[in-house]
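Listed here are the chains, written in short residue letters.
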Amino acid sequence: MNTHLGRRTRILAATTATAALVLVAACTSSDDGGSGSKTAAGGVELVKAGQLTTCTHLPYPPFQSEIDGKVQGFDVALIDLVAKDLGVRQEILDTPFENFKTGAFLNSGECDLAAAGMTITEERKKNVDFSDPYFDATQAVLVDKKSGITSLADVKTKGAKLGAQAQTTGEDYAKSQGFDPVSFESSDAVLNGLRSGQVKAVVIDYPVVQGWLKDKANADAFEVADNINTGEQYGFTVKKGNTALRAAINKALADAKADGTYKKLYEQWIGPYDQAAASPAAS
């Protein structure tokens, strides 16, 4: 997944215009009871007392997006479980996606973890430590129903313009197949590019497409022409060497899969439950 917004971050829930990074409260658990300690349950050291600070990049539904003034989604709900176990609340910081690949905001101490529908790759592992995989993701090729395009190969045969979200594995895959895709800054921009005719097809994570097609207007206009299993799995990231927080995330994921919470959240945010997605092997 995801992209960059240049050097400016999106401002959320702010009452005045500011260039500063803004923390946005998610649907979260209790505070730290006023202790002011940066050490949470299980000996997890936090960058700010009483809160688990999560870096993300918005919007990326159904994993994280602003709904009714709050950041919500599958990733948000799963990290809320981690925060609850630690006895703190989750706070979300919207940042450029390029920082997730480098671990910049983790290394600078601005965030405890990153949750952004991020694919686990060997290259990214050089800069950050990943949690256990929590979601299996495939790529989808979405096209205008009037395009006559029936596959990714057909996009090339017809010489049609292909779009992708910048800095994502979908964009990387398109390039590996010989395409020079038009890059868009966000998933919303990808859809708008298809809607406006800038491109005739887009390649992006299938769960995102699933979310788009829940809207009748989108479903009437667009269709999935191809599904590509690239073997991708999503993981949450922490600063390299932060074994305590990584263990806390993995425990929360394992508990959620065991007690049915994962299935409930999956059906709420993703769609019909896929058992394979609940028990991926660690990458």
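Residues numbered from 1 in each chain as written. Predicted model: local features only at pLDDT ≥ 70, side-chain atom pairs only at ≥ 80, totals over all residues. Heavy atoms only, no water.

**Some remarks on the overall build of the protein**
Here comes step 1: When helices and strands are tallied, the protein shows 12 helices and 13 strands.
Here comes step 2: Counting across all 283 residues of the protein, residues that qualify as buried make up 49%.
Here comes step 3: Considering only contacts within the protein whose residues lie at least 6 apart along the sequence, 74% involve residues at least 24 apart.
Here comes step 4: When the accessible surface of the protein is summed, it comes to about 12200 Å², and 49% of that surface belongs to carbon and sulfur atoms. (Helix = DSSP H or I, 4+ residues; strand = E, 2+ residues; numbered from the N terminus. Buried < 20%, exposed > 50% of the residue type's maximum accessible area, 1.4 Å probe, protein only. Contact = heavy atoms within 4.5 Å. Areas by Shrake-Rupley, 256 points an atom, 1.4 Å probe, with all protein chains shown as cover.)

**Things to note about the state of the cysteines**
Here comes step 1: In this structure the tally under the stated criterion is one disulfide.
Here comes step 2: Paired through a disulfide, Cys55 and Cys111 show a sulfur-sulfur distance of 2.0 Å. Taking the torsion about the S-S bond as the criterion, the Cys55 to Cys111 disulfide, at about 65°, is right-handed. Separated by 56 residues along the polypeptide, Cys55 in strand β2 (residues 51-56) and Cys111 in the loop between α3 (104-107) and β6 (113-114) bring together distant segments of the chain. Residue Cys55 shares its accessibility class with Cys111, and that shared class is buried. (Disulfide = S-S within 2.5 Å.)

**As for the sheet that holds strand β10 (residues 182-184)**
Hydrogen bonds between backbone groups are what pair the strands of a sheet, and the pairing can be parallel or antiparallel.
Here comes step 1: Reading across from one edge, β10-β9-β11-β8-β12 is the order of the five strands in this open sheet, with mixed pairing throughout. The open sheet has two free edges, formed respectively by β10 and β12 (222-234), since each of these has just one partner strand. The mean angle between the axes of side-by-side strands here comes to 25°, regardless of whether they run parallel or antiparallel.
Here comes step 2: Pairing analysis gives three bridges linking strand β9 (residues 162-165) to β10, with the strands arranged parallel. The residue of β10 that forms the bridge with Gln165 is Phe184. (Pairing = 2+ DSSP bridges. Axes fitted to C-alpha atoms, helices over the stretch in contact; angles between N-to-C directions.)

**Observations concerning the pairing of β2**
Here comes step 1: Burial analysis of β2 places six of its six residues in the buried class, the great majority of the element.
Here comes step 2: Covered by surrounding structure in β2 are Gln51, Thr53 and Cys55 together with Leu52, Thr54 and Thr56, the residues of both alternating faces.
Here comes step 3: In terms of strand pairing, β2 meets strand β5 (residues 89-94) through six bridges, oriented parallel. Note on β5: the bridge partner recorded for Cys55 is Leu93.
Here comes step 4: Where β2 and β6 come together, two bridges link them in parallel fashion. Within the sheet, the bridge partner assigned to Thr54 lies in β6 and is Leu113.

**Things to note about helix α1 (residues 74-86)**
Here comes step 1: Across its 13 residues, α1 extends 19 Å between first and last C-alpha, which sits within 8% of the 18 Å expected from 1.5 Å per residue.
Here comes step 2: Summarising burial for α1: 10 of the 13 residues are buried, a large majority.
Here comes step 3: Residues of α1 that are buried include every one of Phe74, Asp75, Val76, Ala77, Leu78, Ile79, Asp80, Val82, Ala83 and Leu86, and no others.
Here comes step 4: Backbone geometry just after α1 places Gly87 at a positive phi near 75°. (Expected span 1.5 Å × (residues − 1).)

**Quick notes on the packing of aromatic side chains**
Here comes step 1: Taken as a whole and assessed by the stated rule, the structure comprises 13 aromatic pairs.
Here comes step 2: For the ring pair Tyr60 and Phe63, a centre distance of 5.9 Å and an interplane angle of 25° mean the geometry is stacked.
Here comes step 3: Overall, Tyr60 belongs to the buried group, its relative accessible area being 0%.
Here comes step 4: Here Tyr134 and Phe236 contribute two aromatic rings whose centre-to-centre distance is 4.0 Å and whose plane-to-plane angle is 5°, an arrangement assigned as stacked. Of this pair, Tyr134 sits in the loop between β7 (128-130) and β8 (135-144) while Phe236 sits in the loop between β12 and β13 (237-239); the two residues are 102 residues apart in sequence, bridging distant segments of the chain.
Here comes step 5: With a relative accessible area of 1%, Phe236 lands in the buried category.
Here comes step 6: Three or more aromatic residues joined by ring pairs make a cluster, and in this case those are Tyr60, Phe63, Phe74, Tyr134, Phe135, Tyr234, Phe236, Tyr262 and Tyr266.
Here comes step 7: Here the guanidinium or amino end of Lys156 rests over the ring plane of Phe179, the centre of that ring lying 4.8 Å away. (Phe/Tyr/Trp six-rings, centres within 6.5 Å; stacked < 30°, edge-to-face > 60°. Lys NZ or Arg CZ within 6 Å of the ring centre and 35° of its normal.)

**Description of empty space enclosed by the protein**
Here comes step 1: Applying the stated criterion across every chain, the model contains one cavity of 30 Å³ or more.
Here comes step 2: Estimates place the volume of the largest cavity at around 40 Å³.
Here comes step 3: Looking at the largest cavity, the residues that line it are Cys55, Thr95, Asn99, Phe100, Phe105, Leu106, Ala114 and Thr237.
Here comes step 4: Counting only elements with at least two residues in the lining of the largest cavity, the list comes to α2 (98-102) and α3. (1 Å grid on protein atoms, 1.4 Å probe; cavity = no way out; pocket = protein on both sides within 12 Å on 5 of 7 lines; lining within 4 Å. Points joined across faces, edges and corners; volume = space filled by probe spheres on them.)

**Regarding the pattern of salt bridges**
Here comes step 1: A full pass over the atoms with the stated rule returns eight salt bridges.
Here comes step 2: Residues Glu123 and Lys126 are paired through a salt bridge, measuring 3.1 Å at the closest nitrogen-oxygen approach.
Here comes step 3: Using a relative accessible area of 51% as the deciding quantity, one classes Glu123 as exposed.
Here comes step 4: A salt bridge links Lys216 to Asp220, with the shortest nitrogen-to-oxygen separation between them at 2.8 Å. Linking Lys216 with Asp220, this pair stays in helix α9 (residues 216-221), spanning four residues, or about one helical turn. (Salt bridge = Lys/Arg side-chain N within 4 Å of Asp/Glu carboxyl O.)

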